[in-house]
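Descriptive analysis of the structure
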Amino acid sequence: MENLTKKRENYISWDEYFMGIAILSSKRSKDPNTQVGACIVKDNKIIGMGYNGLPRGCSDDSFPWDKEGDFLNTKYPFIVHAELNAILNSIKSDLKGSKIYVGLFPCNECAKAIIQSGIKEIFYLSDKYRDSDIFKASKLMLDNANVTYTQLPPMKDIVLQIDPDYI
Ligand SMILES: Nc1ccn([C@H]2C[C@H](O)[C@@H](COP(=O)(O)O)O2)c(=O)n1
Ligand SMILES: [Zn+2]
């Protein structure tokens, strides 16, 4: 027994794995200011992923990316949020009892979609918009619908590096 090779010990946890995939998905976002990714999980299997972007078929070059100005000259009416994209892209129609990993706390519209789809747990990294009424409304609904939300510790030390021996 003593001579047997032991298993690797510094492997990442399930939470780090799924949040890592959410963060990797966010790298596909064209939003110059905020990139968000989301990953839906059931029984430790990924059943949906998404990032914030324009609806399918809408050109990334035909719509504004501004944050300020007339509403129609900003990105806000046009962007599909990461969580909604993950729900809409999901490979299973039944998300009941699933979890969602997302980089940024869900807004009120995504909270509605999360609740309606049956997702029961949210794991997030940042709550940087917590003082805005949109995110307060989100928490009011999530609390009332018994959807839990848990902030995960910052994952600064997960770096995606391709081992040169792979190539
Ligand atoms: N939980 C969230 C929060 C925000 N988003 C998206 C929507 C926008 O593309 C962007 C927010 O833009 P900002 O006002 O920070 O420039 O992030 C999301 O997908 N999920
Ligand atoms: Zn949202």
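Read on for an overview of the structure. (Residues numbered from 1 in each chain as written. Chains lettered and ligands numbered in written order. Predicted model: local features only at pLDDT ≥ 70, side-chain atom pairs only at ≥ 80, totals over all residues. Heavy atoms only, no water.)

**Considering the pairing of strand 2 (residues 45–51)**
- Across 6 bridges, strand 1 (residues 37–42) lies against strand 2 in antiparallel orientation. Note on strand 2: the bridge partner recorded for I40 is G48. (Pairing = 2+ DSSP bridges. Helix = DSSP H or I, 4+ residues; strand = E, 2+ residues; numbered from the N terminus.)

**Comments concerning the coordination of the zinc ion (ligand 2)**
- The protein atoms that coordinate the zinc ion (ligand 2) are H81 (ND1), C107 (SG) and C110 (SG), at distances spanning 2.0 to 2.3 Å.
- The motif formed by the donor residues of the zinc ion (ligand 2), counted along the single chain, is H-x25-C-x2-C.
- For C107, a relative accessible area of 6% puts it in the buried group.
- Since its relative accessible area comes to 4%, C110 is described here as buried. (Donors = N, O, S within 2.8 Å, 3.2 Å for Na, K, Ca; no water. Buried < 20%, exposed > 50% of the residue type's maximum accessible area, 1.4 Å probe, protein only.)

**A few points about the nonpolar core**
- I40, I87, I100, I114, I119 and I122 are the most contacted members of the largest nonpolar core, which totals 23 residues.
- Breaking this core down by element, the ones donating at least two residues are strand 1, helix 2 (82–88), strand 3 (99–104), helix 3 (108–117), strand 4 (121–126) and helix 4 (133–144).
- With 4 residues, helix 3 is the largest single contributor of residues to this core.
- If near-sequence neighbours (up to four positions away) are discounted, I119 is found in contact with I40, I87, L95, S98, K99, I100, I114 and V147.
- In terms of nonpolar packing, the next biggest core, distinct from the first, is built from 10 residues, F18, I21, A22 and C39 among them. (Core = buried A, V, L, I, M, F, W, Y, C linked by side-chain atoms within 4.5 Å. Contact = heavy atoms within 4.5 Å.)

**Some thoughts on the sheet that holds strand 1**
- An order of 2-1-3-4-5 is seen for the 5 strands of this open sheet, with the pairing classed as mixed. Only two strands of the sheet have a single partner each, and these edge strands are strand 2 and strand 5 (148–151). Each adjacent strand pair in this sheet contributes to an overall mean axis angle of 20°, direction not counted.
- Sheet topology places strand 3 next to strand 4; 5 bridges connect them, and they run parallel. When the bridges of strand 4 are listed, V102 appears paired with Y124. (Axes fitted to C-alpha atoms, helices over the stretch in contact; angles between N-to-C directions.)

**Overview of the packing of aromatic side chains**
- Applying the stated criterion to the full structure yields 9 aromatic pairs.
- Ring centres of F18 and Y101 lie 5.4 Å apart, and the angle between their planes is 45°; this geometry places the pair in the tilted category. Here the residue F18 occupies a position in helix 1 (residues 14–26), and Y101 occupies one in strand 3, the gap between them amounting to 83 residues.
- We classify F18 as buried; its relative accessible area is 1%.
- Measuring from ring centre to ring centre gives 5.7 Å for Y129 and F135, while their planes differ by 40°; the resulting arrangement is tilted.
- When its relative accessible area of 10% is taken as the criterion, F135 is described as buried.
- Through a chain of ring-to-ring contacts, the aromatic side chains of W14, Y17, F18, Y101 and F123 assemble into a single cluster. (Phe/Tyr/Trp six-rings, centres within 6.5 Å; stacked < 30°, edge-to-face > 60°.)

**Observations concerning the site of ligand 1**
- With respect to spatial proximity, 16 residues lie near ligand 1, and among them T34, K75, Y76, E83 and Y129 are the closest.
- Separating a nitrogen atom of ligand 1 from a backbone N or O atom of F105 is a distance of 2.9 Å.
- Burial of ligand 1 by the protein amounts to 96% of the accessible area it has alone, namely 460 Å².
- Residues of the shell around ligand 1, tallied by class, amount to 8 nonpolar, 4 polar and 4 charged. (Near = heavy atom within 4 Å. Polar contact = N/O pair within 3.5 Å; in protein donor to acceptor, adjacent residues only side chain to side chain. Areas by Shrake-Rupley, 256 points an atom, 1.4 Å probe, with all protein chains shown as cover. Nonpolar A, V, L, I, M, F, W, Y, C, P; charged D, E, K, R; others polar.)

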